[in-house]
Amino acid sequence: MGALFAILVAALLLAAPAAQAVTPSPSPSPAQQGFQNSISGFLRDDARAPIPGVRITARGNNFEGTATSGANGSWTIPVPSKGTYTVELDTSTLPNGIKLAEGQQNPRDVSFSQTSNLSVIFAFGKGIVVQGQDFGQDLLNRLVAGVSFGMLLALASVGLSLIFGTTGLTNFAHGEMVTIGALGVFAFNAWGLPVWLAIALALVVGAAFGYIQDAGLWRPLRRRGTGLVPMMIVSIGLALAARYVFQFFFGGDTQQLPGSQVTDVQLGPISVSPNTLWSLLISAVVIAGLGLLLLKTRLGKATRAVADNPALAAASGIDVDRVIRVVWVVGGFLAALGGILWAYYRPGVTWDMGTQILLAIFAGVTLGGLGTVFGALVGSLVVGIFIELTSLVLPPDLKYVGALVVMIVVLLFRPQGILGRRERVG
């Protein structure tokens, strides 16, 4: 299993090192190249033309770094650790006729959240006035972002719930199934393939990864009668091994997928990124299609039968192993798709991006009800919305903690989750 997995990842990433990032940025100084965290951005005037040759400085945590915007307006300052930094744009290096928009903070304090890449935007243009949003508008924007985040969480959560429902396995390597989708798009695009083809192939790789896991590891363990606790421990080991294989071939930096850096659009009172809207639309269509498949097709009915009672399903003539294999393939496909959307939502691709949202995925599955597909959808929506809304009042690093607290509180009063069934234990 380890050899098959290493070959699969090596074929994707060996020919696409991190130096071939889709979005070019100025090279950091040699002393900073080992840093895994970075502050970056794009400088464009009010006509959307790049502004090169502008110096930006970041200070904080006993560190000071400087970068100059490149020909495409991009700049990156690697920093030694996450935290709060003061970012200042040197206005004396701006081209003639270009100045910061009125109301822009310069310098400004910025803080890292869950990602290793922090984006900072400076607005330029004559007559532009940057105004602070009122709480109601900010709340509405966060609510839309929360629904989108919850839907992409649901893609990964539904796959995890299907696997748990049919096998009883709590798969801690599911985060790496999320990561491989985004890494696949980056690798295939670095090979020169168009982005639509890179996404399609990455989804195939995600489905194949699910197939290989079941065929090479989980099915043999099931046939040997391995208990669920030892299998869970094996999944933890697989997650660690896969994660550091990703880091070995991909590197520790944050890279961008093509089209990930876009400007927000205004839809009435809502300011939202086009990538957020596409993520919401794609997630909704895929989940609706999966729901129809589970409710209306023979394969879907067989899957629900296996999840409800594997022994009775086998006695009824259902090929349980075949159903479980299909579930692993579908779970890998959904996790890869969730990883791709997560890379555009953040935005950025890292070697451990799946691990960063693994607890949120588990929270969605547990909150909705273990083993229930529609429960995973509802639970993920609740978790996604709560995470985004708490960012209005909590520091970015604490918003995931709030979601886990809500999950604990709900389970204290309803242990089976929102849509789960009460069962007698013992």
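Whatever comes next refers back to the structure up there.
Residues numbered from 1 in each chain as written. Predicted model: local features only at pLDDT ≥ 70, side-chain atom pairs only at ≥ 80, totals over all residues. Heavy atoms only, no water.

A.B. asks: Can you tell me about the overall build of the protein chain, naming the residues and giving the values?
C.D. replies: For the protein chain, the count of helices and strands is 13 helices and nine strands. The buried share among the 426 residues of the protein chain stands at 47%. Sequence-distant contacts, at least 24 apart, represent 73% of the contacts inside the protein chain between residues at least 6 apart. Carbon and sulfur atoms make up 63% of the accessible area of the protein chain, which totals about 19300 Å². (Helix = DSSP H or I, 4+ residues; strand = E, 2+ residues; numbered from the N terminus. Buried < 20%, exposed > 50% of the residue type's maximum accessible area, 1.4 Å probe, protein only. Contact = heavy atoms within 4.5 Å. Areas by Shrake-Rupley, 256 points an atom, 1.4 Å probe, with all protein chains shown as cover.)

A.B. asks: Requested: an account of the packing of helix α7 (residues 298-308) against helix α9 (residues 320-345), with residues and values cited.
C.D. replies: Look at α7 against α9: their axes get within 10 Å of each other, and the N-to-C directions meet at 105 degrees. Classified by the interaxial angle, the pair formed by α7 and α9 is roughly perpendicular. Here α7 contributes L299, A302, T303 and V306 to the contact with α9, which in turn contributes V320, R322, V323, V326 and V327. A breakdown of the residues in the contact of α7 with α9 according to their chemical character gives seven nonpolar, one polar and one charged. (Axes fitted to C-alpha atoms, helices over the stretch in contact; angles between N-to-C directions. Parallel < 35°, antiparallel > 145°, perpendicular 65-115°, else oblique. Nonpolar A, V, L, I, M, F, W, Y, C, P; charged D, E, K, R; others polar.)

A.B. asks: Describe empty space enclosed by the protein, and please don't skip the residues or the numbers.
C.D. replies: Overall, the coordinates contain one cavity of 30 Å³ or more when judged by the stated rule. A volume near 40 Å³ is recorded for the largest cavity. As for the largest cavity, its lining consists of V158, I287, L290, G291, V373, F374 and L377. Those elements that provide at least two residues to the lining of the largest cavity are α6 (274-296) and α12 (373-390). The residue makeup of the lining of the largest cavity, split by class, is six nonpolar, one polar and no charged. (1 Å grid on protein atoms, 1.4 Å probe; cavity = no way out; pocket = protein on both sides within 12 Å on 5 of 7 lines; lining within 4 Å. Points joined across faces, edges and corners; volume = space filled by probe spheres on them.)

A.B. asks: Break down a nonpolar patch on the surface for me, citing the residues and quoting the values.
C.D. replies: A cluster of nonpolar side chains, V393, L394, L398, V401, V405, I408, V409, L412 and F413, forms an exposed patch at the surface whose accessible area comes to about 880 Å². Counting through the fold element by element, L394 comes out in the loop between α12 and α13 (399-413). Under the relative-accessibility criterion, L394 is labelled partly exposed at 31%. (Patch = residues over 30% accessible without salt bridge, like charges linked within 9 Å, V, L, I, M, F, W, Y side chains within 5 Å. Salt bridge = Lys/Arg side-chain N within 4 Å of Asp/Glu carboxyl O.)

A.B. asks: I'd like a rundown of the pairing of strand β3 (residues 63-68), residues and numbers included.
C.D. replies: What you see with β3 is a clean split: F63, G65 and A67 sit on the buried side and E64, T66 and T68 on the side with no burial. Bridging between strand β2 (residues 55-60) and β3 involves six bridges; their strand directions are antiparallel. Bridge assignment links A58 to a residue of β3, and that residue is G65. Once β2 ends, the chain turns through two residues before running back antiparallel as β3, passing N61 with a positive phi of about 55 degrees. (Pairing = 2+ DSSP bridges.)

A.B. asks: Residue-level account of helix α4 (residues 195-223), with values.
C.D. replies: The terminal C-alpha atoms of α4 lie 41 Å apart, and with 29 residues this matches the ideal 42 Å at 1.5 Å per residue to within 8%. Of all the bends in α4, the greatest, near 40 degrees, is centred on D214. G225 lies just past α4 and shows a positive phi near 75 degrees. (Expected span 1.5 Å × (residues − 1). Bend = angle between axes of the 7 residues up to and from the residue.)

A.B. asks: Give me the sheet that holds strand β5 (residues 84-89): which residues, what numbers.
C.D. replies: What the four strands build is an open sheet, ordered β3-β2-β5-β6; its pairing is antiparallel. Sheet topology places β3 and β6 (108-111) at the edges, where each strand pairs with a single neighbour. Here the strands of the sheet are splayed against their neighbours by 25 degrees on average, with no regard to which way each runs. Here four bridges tie β2 to β5, and the two strands are oriented antiparallel to one another. From the neighbouring strand, T57 faces β5, where its bridge partner is E88.

A.B. asks: Now, about the environment of P220: what can you tell me, with residues and values included?
C.D. replies: Looking at the secondary structure, you find P220 in helix α4. The partly exposed category is assigned to P220, whose relative accessible area is 32%.

A.B. asks: Residue-level account of the side chain of S161, with values.
C.D. replies: Within the secondary structure, S161 is located in helix α2 (residues 135-167). What S161 contacts, discounting residues up to four positions off in sequence, is V365, G369, G371, T372, V373 and A376.

A.B. asks: Now, about the side chain of S40: what can you tell me, with residues and values included?
C.D. replies: By the element assignment, S40 lies in strand β1 (residues 37-42). Note on S40: relative accessible area 10%, which makes it buried. Setting aside anything within four residues of it in sequence, one finds S40 in contact with W75, T76, N117, L118, S119 and V120.

A.B. asks: Before we move on, could you go through the nonpolar core and cite the residues and values that matter?
C.D. replies: Counting 75 residues, the largest nonpolar core has F149, W218, W342, V349 and I357 as the members making the most contacts within it. The leading source of residues in this core is α9, at 15 residues. For V349, the residues in contact, after removing those within four places along its chain, are A182, L183, F250, D253, T254, Q255, L257 and A343. Judged by nonpolar contacts, the second largest core, of 22 residues, contains I39, W75, V87 and L100. (Core = buried A, V, L, I, M, F, W, Y, C linked by side-chain atoms within 4.5 Å.)

A.B. asks: For the sheet that holds strand β7 (residues 117-119), give the residues involved together with the corresponding values.
C.D. replies: The sheet built from three strands is open, its strands ordered β4-β1-β7 with mixed pairing. Only two strands of the sheet have a single neighbouring strand rather than two, namely β4 (74-79) and β7. For this sheet, the mean inter-axis angle between neighbouring strands, taken without regard to orientation, is 20 degrees. Relative to β4, β1 runs antiparallel, the two sharing six bridges. Across the sheet, the residue bridging to G41 is W75, located in β4.

A.B. asks: How would you explain the pattern of salt bridges if you had to name every residue and give the values?
C.D. replies: Enumeration over the complete set of coordinates arrives at ten salt bridges. Notably, a salt bridge pairs R55 with D90, separated by 2.3 Å at the nearest N-O pair. One end of the pair, R55, is in strand β2; the other, D90, is in the loop between β5 and β6, with 35 residues separating them in the sequence. R325 is the partner of D214 in a salt bridge, and the nearest nitrogen-oxygen pair spans 2.5 Å. You can see D214 sitting in helix α4 and its partner R325 sitting in helix α9, a full 111 residues away along the chain. Note on D214: relative accessible area 0%, which makes it buried. In the salt-bridge network here, residues are joined through shared partners; they are D214, R219, R222, R223, D321 and R325.

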